[in-house]
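What follows is each chain in one-letter form.
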Amino acid sequence: MTQALYFIYDSHCPWSYATTPLVNALQQAFPDMAINLLHAAHYIGKDCAGEQQVNAVKKVSRVKFTDEHMRYVNSPKNSVKTANLMKWLQNKQPEKQLAVLNALQQAHFTQGNPLEGKHNFNDIVSQFKLSPSNKIFKDELSVDAEITLGDIAEIQQMIGTQHFPALIMTQDDNAIFIDHSKYLNDPQAVVEAVKQELAAF
């Protein structure tokens with residue numbers, strides 16, 4: 001039996017931030033499951049989710065947003081370098097990718113770190129003993145990160161939506177589309193829901 005979880009997200013998206021605890025809960029419940037974190041690189045410095053969406057996330061989830069983040073909540077966001085780093089991590093040290101994503105989201109949403117310049121990543125690179133090359137921190141997507149966008153497009157075609165975040169779990173040839181919005185206030189509840197669906201296969 002082979003299980004895998006696919007999480008389509010953007011590191012600078014508050015809804016993705018609120019969905020990551022579900023990924024954490026599923027990873028803990030199914031420790032042998034392969035985790036595929038697919039960064040959509042939606043934010044390229046032209047727009048942002050904004051205060052209205054952040055306030056909506058606050059109402060339905062348990063994640064925290066600090067004043068440091070809210071001060072610049074309506075400023076354009078750029079997640080390109082984070083997308084490059086996460087794809088590099090998936091290729092080089094996949095066992096660290098979920099922990100690093102959690103740390104990056106905490107830095108962005110609770111410490112006000114924009115994660116837009118190479119220096120913004122220094123603490124996390126040091127904490128997790130990473131050694132990405134300088135090209136990871138260029139202003140354009142890496143070739144590998146571009147490949148991820150192609151993978152995302154294939155999955156979105158399969159599930160019939162281009163919305164993100166999105167969670168899909170597979171077991172052998174079966175797939176479950178997980179409606180993350182139902183569990184944002186109780187991440188552990190997603191585990192029981194998934195177990196019930198898996199039992200039906």
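Computed from a prediction, not measured in an experiment: that's the story for all the values here. Along each chain, residue indices are assigned from 1 in the same order as the chain's sequence is written. With the structure being a predicted model, the display of local features is reserved for residues of pLDDT at least 70 and the display and counting of side-chain atom pairs for 80 or more, all residues being used for whole-chain, interface and lining totals. Side-chain measures were taken over the full set of non-hydrogen atoms in the model, leaving aside hydrogen atoms and water.

A. Broad picture of the nonpolar core. Remark: nonpolar core denotes a set of buried residues (Ala, Val, Leu, Ile, Met, Phe, Trp, Tyr, Cys) joined through side-chain atoms within 4.5 Å. Relative accessible area decides the class of each residue, using a 1.4 Å probe on protein chains only: under 20% of the type maximum gives buried, over 50% gives exposed, and in between gives partly exposed. Counting 48 residues, the largest nonpolar core has L5, L26, L37, I178 and V194 as the members making the most contacts within it. Runs of E in the DSSP output that reach at least two residues are strands. Runs of H or I that reach at least four are helices, and both are numbered from the N terminus. Tallying contributions element by element places helix α5 (residues 97-111) first for this core, with seven residues. For this analysis, residues touch if any pair of their heavy atoms sits within 4.5 Å. Excluding its chain neighbours within four sequence positions, the residues that come into contact with L37 are F7, Y9, V23, M86, Q90, Q97, L98 and L101. Counting seven residues, the second-largest nonpolar core is a separate cluster that includes A40, I155, A166 and I168.

B. Layout of the sheet that holds strand β1 (residues 3-9). Note: two strands are recorded as paired if DSSP finds a minimum of 2 bridges between them. Ordered by their spatial adjacency, four strands build an open sheet running β2-β1-β3-β4, and the pairing between neighbours is mixed. Both edges of this open sheet fall to β2 (34-39) and β4 (174-178), since each of them pairs with a single strand only. Averaged over all pairs of adjacent strands, the angle between strand axes in this sheet comes to 20°, irrespective of strand direction. The pairing of strand β3 (residues 166-171) with β4 spans five bridges and is antiparallel. Paired with M169 across the strands is I176, a residue of β4. Interaxial angle, 0 to 180 degrees, is taken between N-to-C directions of lines fitted to C-alpha atoms, where a helix line uses only the stretch in contact. Running at roughly 170° to β1, helix α1 (residues 14-29) makes contact with β1, β2, β3 and β4 of the sheet. The strands touched by helix α4 (residues 80-92) are β1 and β2; relative to β2, the strand with the most contacts, the crossing angle is about 155°.

C. Spotlight on the side chain of T20. With respect to the element layout, T20 can be found in helix α1. Residue T20 is classed as buried on the basis of its relative accessible area, which comes to 1%. Setting aside its immediate chain neighbours within four residues, T20 contacts F7, L98, L101, N102 and Q105.

D. View of the packing of α1 against helix α8 (residues 187-199). Remark: α1 packs on α8, axes separated minimally by 8 Å, with the N-to-C direction vectors making an angle of 50°. Viewed along their axes, α1 and α8 adopt a mutual orientation that is oblique. Where α1 crosses over α8, the two elements pack in a sense that is right-handed. Along the contact surface, α1 presents P21, L22, A25, L26, Q28 and A29, while α8 presents P187, Q188, V190, V191 and V194. Lys, Arg, Asp and Glu make up the charged group, whereas Ala, Val, Leu, Ile, Met, Phe, Trp, Tyr, Cys and Pro make up the nonpolar group; the residues left over, Gly among them, are polar. Residues of the contact of α1 with α8, tallied by class, amount to nine nonpolar, two polar and no charged. Our angle categories are set so that under 35 degrees counts as roughly parallel, over 145 as roughly antiparallel, 65 to 115 as roughly perpendicular, and the remainder as oblique. Less than a right angle of anticlockwise turn of the near helix away from the far helix marks a crossing as left-handed, whereas a clockwise turn marks it as right-handed.

E. Local environment of helix α2 (residues 50-60). Among the residues of α2, G50, V54 and V57 are the ones counted as buried. Projected down its long axis, α2 carries its buried residues within an arc of 65°, all on one side. Facing away from the buried side of α2, by more than 90 degrees, are the exposed residues Q52 and K59. Tucked into the core, α2 has its buried residues touching α1 and α3 (67-70). The arc under discussion is defined with respect to the helix axis, by the directions toward the C-beta atoms.

F. Region of interest: the packing of aromatic side chains. Here the aromatic set is Phe, Tyr and Trp, taking the six-membered ring for Trp, and pairing holds for ring centres within 6.5 Å; pairs whose planes are under 30 degrees apart are stacked, those over 60 apart are edge-to-face, and all others are tilted. As enumerated under the stated definition, the model contains five aromatic pairs in all. Between Y17 and F109 the ring centres are 4.4 Å apart and the planes differ by 10°, which places this aromatic pair in the stacked class. Of the two residues, Y17 sits in helix α1 while F109 sits in helix α5, which places them 92 residues apart along the sequence. Take F109: its relative accessible area is 0%, and that puts it in the buried class. Measuring from centroid to centroid gives 5.5 Å for F65 and F109, while their planes differ by 90°, and the two rings are edge-to-face.

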